[in-house]
Amino acid sequence: MTNWMKISGRTLAAGMLLALIPAGQVFAQDINIYRDEIKQYQNRMDVIKTGETTRYNSELSQISSWIDESLILIGKNEVDQVKALSLKIGVYVDFVEASMARDVAMGEAMEAESKLKALKAEYGKLEAQIQQLTAEKEVLQSQLSNANAK
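The rules behind these values
Residues numbered from 1 in each chain as written. Predicted model: local features only at pLDDT ≥ 70, side-chain atom pairs only at ≥ 80, totals over all residues. Heavy atoms only, no water. Core = buried A, V, L, I, M, F, W, Y, C linked by side-chain atoms within 4.5 Å. Buried < 20%, exposed > 50% of the residue type's maximum accessible area, 1.4 Å probe, protein only. Helix = DSSP H or I, 4+ residues; strand = E, 2+ residues; numbered from the N terminus. Contact = heavy atoms within 4.5 Å. pLDDT = per-residue confidence, 0-100.

Engineer: What should I look at first to understand the nonpolar core in this one?
Structural biologist: Nonpolar side chains tend to gather and get buried jointly when the protein is soluble and globular. Met 45, Ile 48, Ile 63, Ile 67, Ile 89, Val 93 and Val 96 are the most contacted members of the largest nonpolar core, which totals 20 residues. Of all elements in the fold, only helix H1 (2–48), helix H2 (57–75) and helix H3 (79–149) reach the threshold of two or more residues within this core. Tallying contributions element by element places H3 first for this core, with 7 residues. Beyond its immediate sequence surroundings of up to four residues, Ile 48 is in contact with Thr 53, Leu 60, Val 93, Val 96, Glu 97 and Met 100.

Engineer: Would you explain the confidence of the model for the protein chain in this entry?
Structural biologist: Predicted coordinates in areas of low pLDDT are best not read in detail. Of the residues in the protein chain, 81% have a pLDDT of 70 or more, and the chain-wide mean is 85. Taking the mean pLDDT of every element in the protein chain, the minimum, 68, falls on H1 and the maximum, 95, on H2. Below pLDDT 50 for its whole length, residues 12–24 participates in 0 contacts with residues either more than four positions away or in separate chains.

Pasting the structure below:
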């Protein structure tokens, strides 16, 4: 009977180990997925930092600290906390990228508006010159007609 108990105990232990292996593999896959995701966020941050980021220093600082924290948590295999941080990082990175794109578009729009105002002012000056030259032409034509009539 004790031999049977040893065999059944070993079988039970082996079954439990086999049941845990797929969960461990899934856990390792999750960690690898989050590690890759964090690496992508780091790459996006590198791209962001090449632009004008002064307005977003606090957001970039927060994102960087979350990236550091998530890498530490990955090392500790704390998947749930890494998942939550990864979501935050993604939202903030998206926000900063979109905000910076908006800033660039606004800058371009303001520049275009300034150019338009300058062109309108130039157009006004040219219109005034045309009117002045037209008036001078009429005066000269009148003088020419009077000179020919004499």
